[in-house]
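Spelled out, the chains give:
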Amino acid sequence: EYNLESNNPPRKNKSSINKKIISEVNEFWSALRNTPQAFILVWKASKTSFLISILLTLIAAILPALQAWVGKLIIDSILDAAELSTGILDGIREVIPILSLEFALVFIGSSISHFRFLSDRILQSKLTNHVNSLIIKKAISLDLNFFENPLFYDTLQNARRQSDMSTMNIVKSSLQMIQQIITLFSLLILIIRFSPWLALIVFISAIPAFISQSQFAELSFRTITHRAPESRLLNYIEMLLTGNDTVKEIKLLGLGEPLLNRYQDLFEKFYTEDRAIAQKRSIASLGWGTLSSLVYYGSYVWIVMRTITKIITLGEMTMYLTTFRQSQNSIRALLDSLNNIYENNLFLDNFLSYLKLQPLIVSPTDGKLAPSPIKEGIEFRNVHFRYPGAESDVLKDINLRINPGERIALVGLNGAGKTTLVKLLTRLYDPTQGQILLDGIDLRDYDLHSLHQRFGVIFQDFVRYQFTVKENIGFGHIEDLDDPSKIKEAADRGGASPVIEKLPEQYNTMLGRRWEKGSELSGGEWQKIALARAFMRKADVMILDEPTSSLDAEAEYEVFLRFNELMEDKIAVLISHRFSTVRMADRIVLLSAGKILEVGSHQELIGLNGSYARLFNLQAEGYK
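Because the structure is a prediction, the values reported are computed rather than measured.

> In this structure, what is going on with the sheet that holds strand S8 (residues 571-575)? I would like to understand it.
In sheet architecture, strand pairing relies on hydrogen bonds along the backbone and comes in two forms, parallel and antiparallel. On the basis of which strands lie adjacent, the open sheet formed by six strands has the order S6-S7-S8-S3-S9-S10 and mixed pairing. Each edge of the open sheet is held by one strand with a lone partner, namely strand S6 (455-458) and strand S10 (595-600). The sheet shows a mean angle of 15° between the axes of neighbouring strands, direction not considered. Helix H14 (residues 418-425) rests against strand S3 (407-411), S6, strand S7 (541-545), S8 and strand S9 (587-592) of the sheet, and its axis sits at about 150° to S8.

> Quick question: what am I supposed to make of H14 here?
Because an α-helix packs 3.6 residues into every turn, residues spaced three or four apart end up facing the same way. Within H14, seven of the eight residues are buried, which leaves the element mostly enclosed by the surrounding structure. For H14, the set of buried residues is Lys418, Thr420, Leu421, Val422, Lys423, Leu424 and Leu425. Just past H14, the residue Arg427 takes up positive phi, approximately 55°.

> When you look at the layout of surface pockets in this model, what are you seeing that I'm missing?
Here the largest pocket defines a volume of roughly 1,700 Å³. Lining the largest pocket are 45 residues, with Leu428, His452, Phe459, Val463 and Tyr465 positioned closest to its centre. Sorting the residues of the lining of the largest pocket by element identifies helix H4 (88-141), helix H5 (144-147), helix H6 (150-160), H14, helix H15 (448-453), S6 and helix H19 (523-536) as the ones contributing at least two each. With five residues, H4 is the single largest residue contributor to the lining of the largest pocket. Here the residues of the lining of the largest pocket sort into 26 nonpolar, ten polar and nine charged.

> What exactly am I supposed to notice about the packing of aromatic side chains here?
Aromatic ring pairs are reported here in terms of the distance separating the ring centres and the angle at which the planes meet. Going through the model one piece at a time under the given rule, you end up with nine aromatic pairs. Taken together, a centroid distance of 6.1 Å and an interplanar angle of 75° make the contact between Trp43 and Phe50 edge-to-face. The partly exposed category is assigned to Trp43, whose relative accessible area is 34%. According to the relative accessible area criterion, Phe50 is buried, its value standing at 6%. Measuring from ring centre to ring centre gives 5.1 Å for Tyr465 and Phe475, while their planes differ by 85°; the resulting arrangement is edge-to-face. In this pair, Tyr465 is assigned in the loop between S6 and helix H16 (469-474) and Phe475 in the loop between H16 and helix H17 (484-494), connecting sequence segments ten residues apart. The exposure class assigned to Tyr465 is partly exposed, which follows from its relative accessible area of 28%.

> Looking at this model, I keep getting lost on the side chain of Gln124. Mind explaining?
For Gln124, the location among the structural elements is in helix H4. Excluding anything up to four places from it in sequence, Gln124 contacts Asp164, Met165 and Met168.

> Which parts of the structure should I look at to understand the pattern of salt bridges?
For side chains bearing opposite charge, pairing can occur when the charged atoms are close. All told, the structure shown has ten salt bridges when counted by the stated rule. Residues Arg386 and Asp393 are paired through a salt bridge, measuring 2.9 Å at the closest nitrogen-oxygen approach. Take Arg386: its relative accessible area is 36%, and that puts it in the partly exposed class. Taking the relative accessible area as the measure of exposure, Asp393 reaches 22% and is therefore partly exposed. For Arg587, the salt bridge goes to Glu406, with nearest N and O atoms at 2.5 Å. Taken together, the residues span a long stretch of sequence, with Arg587 in strand S9 and Glu406 in the loop between strand S2 (395-402) and S3 at a distance of 181 residues.

> Could you clarify how one ought to interpret the sheet that holds strand S1 (residues 378-385) in this entry?
Pairing in this open sheet of four strands is antiparallel, and the strands run S2-S1-S4-S5 from one edge to the other. With one partner strand each, in any of the chains shown, S2 and strand S5 (441-442) form the two edges of the open sheet. H14 rests against S1, S2 and strand S4 (433-438) of the sheet, and its axis sits at about 115° to S1.

> What should I look at first to understand unusual backbone geometry in this one?
With the exception of glycine, most residues fall at negative phi, and the peptide bonds are largely trans. Note that the residue after Ser372, namely Pro373, is joined by a cis bond; omega there is 5°. Relative to the elements of secondary structure, Pro373 occurs in the loop between helix H13 (314-355) and S1. Positive phi, close to 55°, is recorded for Asp366, a residue that is not glycine. Within the fold, Asp366 resides in the loop between H13 and S1. The backbone of Asn609 shows a phi angle near 55°, a positive value even though the residue is not glycine. Residue placement: Asn609 occurs in the loop between helix H21 (602-608) and helix H22 (611-621).

What counts and what doesn't
Residues numbered from 1 in each chain as written. Predicted model: local features only at pLDDT ≥ 70, side-chain atom pairs only at ≥ 80, totals over all residues. Heavy atoms only, no water. Pairing = 2+ DSSP bridges. Helix = DSSP H or I, 4+ residues; strand = E, 2+ residues; numbered from the N terminus. Axes fitted to C-alpha atoms, helices over the stretch in contact; angles between N-to-C directions. Contact = heavy atoms within 4.5 Å. Buried < 20%, exposed > 50% of the residue type's maximum accessible area, 1.4 Å probe, protein only. 1 Å grid on protein atoms, 1.4 Å probe; cavity = no way out; pocket = protein on both sides within 12 Å on 5 of 7 lines; lining within 4 Å. Points joined across faces, edges and corners; volume = space filled by probe spheres on them. Nonpolar A, V, L, I, M, F, W, Y, C, P; charged D, E, K, R; others polar. Phe/Tyr/Trp six-rings, centres within 6.5 Å; stacked < 30°, edge-to-face > 60°. Salt bridge = Lys/Arg side-chain N within 4 Å of Asp/Glu carboxyl O.

What follows is the structure, given as structure tokens:
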């Protein structure tokens, strides 16, 4: 708003300017809040290497001042020897002890540099392992809900990015600050003897560059963080273009060049953003570096003039010039270290925020052990479920009882809610409303680990582990991974034994094409391995969620028939699109749009002549 009479813009309120400065300063110091956590992470990664780094830092901190002082002694002793004309040998004898002292300091400095490099490499390796382990452990603890939310992958991407490097940089920069403070203090003691004003000039000349670098550090951080979704897209396109699972279709459809062009467009966008920031940062650094050099050479002239007027000796001149330059470098390094701590704190904030995520599906305190065998069965009581962020329920008012030893088949069109029902039954999610009871007790009252032990599940998108056959099957019950008899029994039950006998090293054969000499299996063979994995677990409830979808109808029928025979008195839940294969179930549950439409045996549902009969006859027509 302008003053209409004077046509001059109003002056800014000094109070508002002061508040803005205070706010920016507070925001800067607030950004350093993660520094203690960085030290804790490094300490837990390797206590020995961390203590060695601190010791080497303290020793290195006092070397510059000692070297400057010894340099003065050398020059003054040479000049004294020249003036006294004591002879070459006498002069050498006087200088050699001081030269030996300087050599010792140089040797110590060089040794510290090499030991610090070694210590930092060891510490960085252990820290990387520690940080990655924390990221993985947190991922293991989180609910399925997180992994079905795209925003979680942005959080995970930001947590992974530079977390170990940022942590290490914070600690190294903090130690560097301590070193520079000690160094600067010892140097300033020497400079103040010459001129307190010179010490003040040294400090003030370094501040503008520090402020400038801090601003660019924050700009760089925000740019990288905000483009996390696009960074994931870049990685995804690279995976599509180089992955074994996608290469056939990419080649046949001619998608290589179009996807590569999209990859290059994204890269060019990132490059343009990064280059603009780097250019501005370089120009600012050059400008403030020039100012620092002008201050140095101005002080240089002052010191030389005082030497010419014999106010100080030539040795003192050398010492003051050295200490001034080192002081300037120390202050710049000190502020740069503070700036690095600030920048890396921003990145570490993503990692620590990720570690604060808490699962919603947790075991209750003193949770009950899930029953084995199941005596009363499973009951869905008025169950509703809505995925987080969704606008409508996926399951609506589900009421269903599954008796001990009963075979239940879930059928329905895609999106009917069959797999969601399985996720609720295995407590990968909790109902939005209602209860799921196991032997009359809510699933939420059971210990989660013992509950999961009661279920054996093969999903349609089962994992094809690129490990040995033994491991692929043994993962079904990790406690029995080293028990060959149980693995062979599971392979027999799952029908995988004939497949395994044909492999070059049988149970020790590496599966998949990721590794050298790996054996790839057909879809049906992989499914038999997955079925064997499910049989490794002596589960009370076995669930097959369309794992045989790539088999032909006859092969799928044989798998279900074998499965049905092997389940004995266990509860079995079968999901299949082929109505012909689920006729062996005791009861069939037809789902549509999240609701149960019909329940009964195959003959009962055919007799109703309702939706199941219509879908069955429609599918049967396709085989005629």
